[in-house]
Each structure stands twice: as structure tokens, then as C-alpha cells.
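Survey of secondary and tertiary structure
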Amino acid sequence: EKIFSGFSKTRDNLAVIDELLLYWNLAETDRVLDELEEVLLVSDFGPRITIKIVESLREDILAGKLKSGSEIKDTLKRIVLDLLIKKGNKVDLQLGFRKPAVVMIVGVNGGGKTTSLGKLAYRLKNEGAKILMAAGDTFRAAASDQLEIWAERTGCDIVVAEKEKAKASSVLSQAVKRGKEQGFDVVLCDTSGRLHTNYSLMEELIACKKAVGKVVPGAPNEILLVLDGNTGLNMLPQAREFNEVVGITGLILTKLDGSARGGCVVSVVDELGIPVKFVGVGEGVEDLQPFDAEAFVNAVFS
Ligand code: GDP
């Protein structure tokens, strides 16, 4: 329901498609597909995906496979669903068999990293896991206070920097060591999110990744990139850079309860080949849900 209402703007934009297709006939194909292209672009699908969708529909129409507006609409929805569910993409968290599993949460400031970490802790704890939080955003002083509030709220343990200006990598390494010694199942690592253009942030993330890998071979098991669902196609270069530097294993799209820009979800998944694992639909402990591609498609195309 929350996703459905969050995507109301995208759905309103895309509703034009129904009218377009209602009067579709073979002779009108070019005009209808041109207009469809416009609608998809306005809804943040981005040029690459838009062309893919429109050309695939054109091919099917010209081959005589699609004979009515409603068949075209169904095929459009199926194409988008196929783009979201890539073969081999694992949508479940991959936590491996070694304890503790390590999950790093990365992304630019304000996207919802700390909040998502808190909600993820709540979710995993409810599934029976013993969770340790690590306050790796040592750059922003308020970040560890914020994470401590989440630790209290969810009843999870937390490791914070012992001194000011501590290195993020040493806080995370210390947390994973404690996780190992004290039998925690999962260590959730918060990280700093200074602007993505800041090279030293990327160096810091690489150092964090190496530091946790030294304590537990194979860690981090997941590196989840948090993206603000309202940023539209601007999220693409951001996601590309994080992925190139640290290798993202999954996405968390936040603030889908606001007025999220639907099309870019498809663009980012297609371009990076990385699955959306969770979506944020509010600020409460229960407001992180596994991504359901089918529910998404039904929410954007009414
Ligand atoms: P960080 O800087 O990336 O750690 O971002 P924060 O976790 O501090 O979140 C920034 C703001 O976004 C806070 O006010 C959060 O409460 C809010 N926020 C995060 N996720 C969501 C979400 O899914 N929905 C809504 N409505 N707000 C969110």
C-alpha cells in the first residue's frame, strides 16, 4: 500500500499510456510509440531503457504478436518486470556461512543509510539473528548518536569510536572482531557519506572493506548502496561510482513513501545489473521491506 501511494505521481504520468493504447491500431503504431517514448522519459525511465522498451514493443507489433492495446500494455509491464528480475541476481541477503556475516551500508549523506541500517537490524533481529551495529560514520559526529538511538530502539549492541577522529576502518575492524569473539550473527556497518565526488571517501570505503575482510575472510558479505528514491536519474552516476570503487551487491531504495520517481528504479537496476534488495517506506522500525518487483510494476502501471 505504501509503495502504491508513494508511486502515485509516476502512476499518474504513466496513466496516459492507457489512453494512448485505447485507440491504437496498426497504422498508428509509430505515433503511439513516439508518444509512449515521451511518457517513459518524463517518468524517469532514462533514454537507454526507454529505447529498449519501445523498440522491443515495435518489433513484437510488426511481427504481428501484439494485436490490441491491452496486449501491448501487458507486454510493456512484462518487459519492465524482466528488466527488474535479472537472471542470477540474488534479491535475498547473501550472508554466507561464516559468523559473523558483515553487511556494509554505503551511500551519500542524507540518503537514509543510518535509518536503513536501523530498520535492517530490527528486521534481522526479528528473524532471530544476534546483531551488532558498527558506527563507521566517524566523519559526521551526530551519526553515531543517531545510530545509538537505533541500537536502543531495536535492542541491538553497538560499537562506536572510542576517540574523536577515529578511522572508520578501525571502528569496523574492532566491531567485526567483537562480533567474532562474542558470537554475533551479523555485523551491520554504517559508513560515512561525504559527497561521492570526494576521493578520500572512496579510499576510506576501500580501507573499510579490506579491514573487515582481514578479520573474517570473505567479508563483507554484502555492500548495500542506499539511494534516495526521490533523486530521480541523478542516482545513476552516484551508483555507478560507488559500484566501480567498492563493488555494490545490492540496493536499498529509500523514501518510496514520499513522491518517488519510479522509472529510475528500472534504469539503475538495468544499468548496473544490481538487484534492489530492500525498499524504505517510512521512518519507523518496520518500514523496510524486501523489494517485490511485481508489486512495483503494478504500482507504477495501474
Ligand atoms: P544518512 O545520512 O544516509 O545516514 O541518512 P539518514 O538515515 O540520517 O536519513 C536522512 C533522513 O531521511 C532522516 O530524516 C530519515 O528519517 C529520513 N529517511 C530515511 N529513510 C526514509 C524512508 O524510507 N522514508 C522516509 N519518509 N524518510 C526516510
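An account of the accompanying structure is given in this report. Only a predicted model underlies this, so the values are computations on that prediction, with no experimental measurement involved. (Residues numbered from 1 in each chain as written. Predicted model: local features only at pLDDT ≥ 70, side-chain atom pairs only at ≥ 80, totals over all residues. Heavy atoms only, no water.)

A look at the packing of helix 4 (residues 29-42) against helix 5 (residues 46-62)
Here is the rule: Axis definition: a line fit to C-alpha positions, over the contact stretch in the case of helices; interaxial angles, taken between N-to-C directions, run 0 to 180 degrees. Going along the chain from the N terminus, every DSSP run of H or I of four or more residues is numbered as a helix, and every run of E of two or more is numbered as a strand. Each angle is binned into one of four classes, with values under 35 degrees roughly parallel, values over 145 roughly antiparallel, values of 65 to 115 roughly perpendicular, and all other values oblique. With the far helix as reference, a near helix turned anticlockwise by less than a right angle produces a left-handed crossing, and one turned clockwise produces a right-handed crossing. When checking whether two residues touch, look at their non-hydrogen atoms; a contact exists if any pair is within 4.5 Å. For this classification, the nonpolar set comprises Ala, Val, Leu, Ile, Met, Phe, Trp, Tyr, Cys and Pro, the charged set comprises Asp, Glu, Lys and Arg, and every other residue, Gly included, is treated as polar.
At their nearest, the axes of helix 4 and helix 5 sit 9 Å apart, and the two run at 155° to each other. Our classification of the angle between helix 4 and helix 5 gives roughly antiparallel. Relative to helix 5, the crossing made by helix 4 is right-handed. Of the residues in helix 5, those in contact with T29, D30, L33, L36, E37, L40 and L41 of helix 4 are G46, P47, T50, I53, V54, L57, R58 and I61. In terms of residue class, the contact of helix 4 with helix 5 is made up of 9 nonpolar, 3 polar and 3 charged.

Quick word on the sheet that holds strand 2 (residues 131-134)
Using the following cut-off: Any two strands with at least two DSSP-identified bridges between them are counted as paired.
Within the open sheet, the 8 strands sit side by side as 3-2-4-1-5-6-7-8. Their pairing is mixed. In the strand order of this sheet, the two ends are held by strand 3 (157-159) and strand 8 (288-290), each with one partner. Between one strand and the next, the sheet's axes are offset by a mean angle of 25°, whatever the strand orientation. Where strand 6 (residues 250-254) lies against strand 7 (residues 276-280), 3 bridges are found, and the strand directions are parallel. Counted as the bridge partner of L251 is V276 from strand 7.

Description of the site of the ligand
Rule in force here: Any residue with a heavy atom positioned within 4 Å of a molecule or strand is treated as near that molecule or strand. We define a polar contact as two N or O atoms separated by no more than 3.5 Å, with the added condition that, inside protein, one atom must be a possible hydrogen donor and the other a possible acceptor, whereas residues neighbouring each other in sequence contribute only through side-chain atom pairs. Only the protein chains shown count as cover for residues, with accessible areas throughout obtained via the Shrake-Rupley method and a probe of 1.4 Å.
What surrounds the ligand is a group of 18 residues, the closest being G110, K113, T115, D257 and E283. In the environment of the ligand, an oxygen atom lies 2.8 Å from a nitrogen or oxygen atom belonging to the side chain of T114. Between the ligand and K255 there is a distance of 3.0 Å, counted from an oxygen atom to a backbone nitrogen or oxygen. In isolation the ligand exposes 580 Å². Once the protein is present, 80% of that is buried. Ranked by the residues each element gives to the shell around the ligand, the list is headed by helix 7 (residues 113-126), at 4 residues.

Regarding the pattern of salt bridges
The cut-off we apply is this: Think of a salt bridge as a Lys or Arg side-chain nitrogen and an Asp or Glu carboxyl oxygen that are within 4 Å of each other. Per-residue accessibility, obtained with a 1.4 Å probe over protein chains only, is compared with the maximum for each type, and a residue is labelled buried under 20%, exposed over 50%, and partly exposed between these values.
Per the stated rule, a full pass over the model turns up 17 salt bridges. Its salt-bridge partner being R31, residue E28 comes within 2.6 Å of it at the nearest N-O pair. Its relative accessible area of 27% is what places E28 among the partly exposed residues. R140 is the partner of D137 in a salt bridge, and the nearest nitrogen-oxygen pair spans 3.6 Å.

A short note on the packing of aromatic side chains
Under the convention used in this document: Side-chain rings of Phe, Tyr and Trp, where Trp is taken by its six-membered ring, are said to pair if the distance between their centres is within 6.5 Å; with planes under 30 degrees apart they count as stacked, over 60 as edge-to-face, and otherwise as tilted. Cation placement over rings: the criterion is NZ of Lys or CZ of Arg within 6 Å of the ring centroid and within 35° of the ring normal.
One pass over the structure, following the stated rule, counts 3 aromatic pairs. With centroids separated by 5.9 Å and ring planes inclined at 55°, the aromatic side chains of F291 and F296 adopt a geometry described as tilted. Within the aromatic cluster, the residues linked to one another by ring pairs are F7, F291 and F296. In this structure, K130 packs its charged tip against the face of F184, placed 4.5 Å from the ring centre. Its end group placed over the ring of W150, R153 keeps NZ or CZ at 4.3 Å from the ring centre.

Overview of unusual backbone geometry
Negative phi characterises most residues that are not glycine, and trans characterises most peptide bonds. That bond from K99 to P100 is cis: its omega, -5°, falls within 30 degrees of zero. Among the secondary structure elements, P100 is positioned in the loop between helix 6 (69-84) and strand 1 (101-106). The peptide bond linking A219 to P220 adopts the cis configuration, its omega dihedral lying at 0°. Tracing the backbone shows P220 in the loop between helix 10 (199-215) and strand 5 (222-228). Of note in this structure, D44 is not a glycine but carries a positive phi near 70°. Owing to a relative accessible area of 9%, D44 belongs among the buried residues under this scheme. For K255, which is not glycine, the phi torsion reads 60° and is therefore positive. You can call K255 partly exposed: its relative accessible area is 30%.

A short note on the nonpolar core
Inclusion rule: For this analysis, a nonpolar core means a set of buried residues of the types Ala, Val, Leu, Ile, Met, Phe, Trp, Tyr and Cys, connected via side-chain atoms within 4.5 Å.
If you look at the biggest cluster of nonpolar residues, it comprises 80 residues, and the most contacted ones within it are I53 and L84. Looking at this core, the element that brings in the most residues is helix 6, giving 7 residues. Residues within four places of I53 in sequence aside, it is in contact with L40, F45, L76, I79, V80 and L83. A129, A151, I158 and F278 belong to the second largest nonpolar core, which has 24 residues in total.

Focus: helix 4
One turn of an α-helix holds 3.6 residues; hence residues three or four places apart share an orientation. Here is the rule: Here, expected helix span is obtained from the residue count minus one, scaled by 1.5 Å. In this description, the arc belongs to the directions extending from the helix axis to the C-beta atoms.
The end-to-end C-alpha separation of helix 4 is 20 Å, in line with the 20 Å expected for 14 residues at 1.5 Å each. Turning to helix 4, its buried residues are T29, V32, L33, L36, V39 and L40. Projected onto a plane normal to the axis of helix 4, the buried residues spread over an arc of 115° and lie on a single side. Within helix 4, the exposed residues directed more than 90 degrees away from the buried face are D30 and V42. The secondary structure elements touched by the buried residues of helix 4 are helix 2 (8-14), helix 3 (16-22), helix 5 and helix 6.

Structural measurements only, silent on function.
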